[in-house]
Amino acid sequence: MKRPIRLPFLVAVALLAAGSVPVAAAHTRVRAPEPLGVTATAPVSAENARVGVLVRGGAHYCTASVVHSEGRDLIVTAAHCLTGSGSGSGSGSGGIEFVPGYRDGRAPYGTWAVARTYVGDGWKGREDEDSDVAFARVVSRGGEEVEDLVGGNRLVAGRGLSPVGEAVTVVGYPRARETPVSCTNISTAYGDSQQRIECPGYSGGTSGSPWIDARGRVVGVLGGFQQGGSTDDVSYSVVLGGEVAALYGEAASG
């Protein structure tokens, strides 16, 4: 266990969830960068600023990242990172805060209170490993939304879409570190509904880390099987299918 929109895009997500967009049109392969399977401290960059820690009780315990939405206030993480605090679709936050770009105890882009969480029925009902993805909306600060400050990656979700066989980069925060780690490798299938990646050093705290493809899109979230995996060297994610697309639509519409 690894824990302690513009309207055209919304339409695209809905079409993907319905299987109306050809997979080939939305999923062209990109050659993997080198080296693969090496974990290192994630560099300071505009892209990595979109990834941050979830904090509760003064300590960071999971990872989350900003995803693009019409309200510009949405983050994605693992469902198990938001449960145990009265969470559920449309529920309150349970005192959780999101700190994008966190490093060495500093919050260069401020601390953002989680206002509402969105967890799918599969997870709420029985903690189904295939439903271990969740969204949360954060409170604006001085009239500014989190995406206005750090930007947001687009989410790719829908039936028939999977990054299996492509290079993805996973950026996350181990609980034992005060800086994020990054690793790129080729994702592989784990059954029909999960995907896995071999990258060393993804220990407790990295649950919720985004899997980002070569186009800068979120195609996975660290979690799923055994809430992310039983070892630090192999991590898992749900394949982001129709259930995640529908949950994203609910969260993005507020």
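Pairing in this closed barrel of six strands is antiparallel, and the strands run 2-3-4-7-6-5 around the ring. Pairwise comparison of adjacent strand axes, ignoring direction, gives a mean angle of 45° for this sheet. Here two bridges tie strand 5 (residues 97-100) to strand 6 (residues 112-119), and the two strands are oriented antiparallel to one another. Residue pairing for strand 6: Glu 97 is matched across the bridge by Ala 113. The sheet strands contacting helix 5 (residues 242-253) are strand 3 (59-67), strand 4 (74-77), strand 6 and strand 7 (134-138), and the helix crosses strand 7 at an angle near 15°.

We now examine the state of the cysteines. Across all of its chains, the model carries two disulfides by this definition. The partner cysteine of Cys 183 in its disulfide is Cys 199, sulfur to sulfur 2.0 Å. For the disulfide bridge between Cys 183 and Cys 199, the dihedral angle about the S-S bond is near -75°, and by the sign convention the bridge is left-handed. Note that Cys 183 is positioned in strand 9 (residues 181-186) and Cys 199 in the loop between strand 11 (194-198) and strand 12 (210-212), a separation of 16 residues in sequence.

Moving on, we come to the confidence of the model for the chain. Put simply, the chain has an average pLDDT of 84, and 80% of its residues get 70 or more. Residue range residues 3-32 is modelled with pLDDT below 50. Its contacts to residues more than four positions away, or to other chains, number 65 contacts. Note on residues 85-91: pLDDT under 50 across the span, and 23 contacts to partners over four residues away in sequence or across chains.

This part is about the sheet that holds strand 10 (residues 188-190). Strands in a sheet are paired, the pairing made by backbone hydrogen bonds, and the direction either parallel or antiparallel. With antiparallel pairing, the three strands of this open sheet are ordered in space as 10-11-14. The open sheet has two edge strands with one neighbour each: strand 10 and strand 14 (234-238). Each strand axis lies, on average, 40° off the axis of its neighbour in the sheet, ignoring direction. For strand 11 and strand 14, the ladder comprises five bridges, and the chain directions are antiparallel. Bridge assignment links Gln 194 to a residue of strand 14, and that residue is Val 238.

Attention now moves to the pattern of salt bridges. If you walk through the whole model with that rule in mind, you get eight salt bridges. Between Lys 124 and Asp 121 there is a salt bridge; the shortest N-O distance is 3.6 Å. Residue Lys 124 and its partner Asp 121 are located together in helix 3 (residues 121-126), separated by three residues, close to a single helical turn. On the basis of relative accessible area, Asp 121 is assigned to the exposed category, the value being 58%. A salt bridge links Asp 213 to Arg 217, with the nearest nitrogen and oxygen atoms 2.8 Å apart. Classification of Arg 217 by relative accessible area gives buried; the value is 15%. When salt bridges with common partners are traced through the structure, they connect Arg 72, Glu 147 and Asp 148 into a single cluster.

By size, the foremost hydrophobic cluster in this structure holds 22 residues, and its most contacted members are Leu 54, Ile 75, Leu 82, Phe 98, Val 138 and Val 146. The set of elements that each furnish at least two residues to this core consists of strand 3, strand 6, strand 7 and helix 4 (146-150). One finds Val 76, Val 221, Val 238 and Ala 251 within the second-largest nonpolar core, a separate group that totals 18 residues.

How each quantity is defined
- Residues numbered from 1 in each chain as written.
- Predicted model: local features only at pLDDT ≥ 70, side-chain atom pairs only at ≥ 80, totals over all residues.
- Heavy atoms only, no water.
- Pairing = 2+ DSSP bridges.
- Helix = DSSP H or I, 4+ residues; strand = E, 2+ residues; numbered from the N terminus.
- Axes fitted to C-alpha atoms, helices over the stretch in contact; angles between N-to-C directions.
- Contact = heavy atoms within 4.5 Å.
- Disulfide = S-S within 2.5 Å.
- pLDDT = per-residue confidence, 0-100.
- Salt bridge = Lys/Arg side-chain N within 4 Å of Asp/Glu carboxyl O.
- Buried < 20%, exposed > 50% of the residue type's maximum accessible area, 1.4 Å probe, protein only.
- Core = buried A, V, L, I, M, F, W, Y, C linked by side-chain atoms within 4.5 Å.

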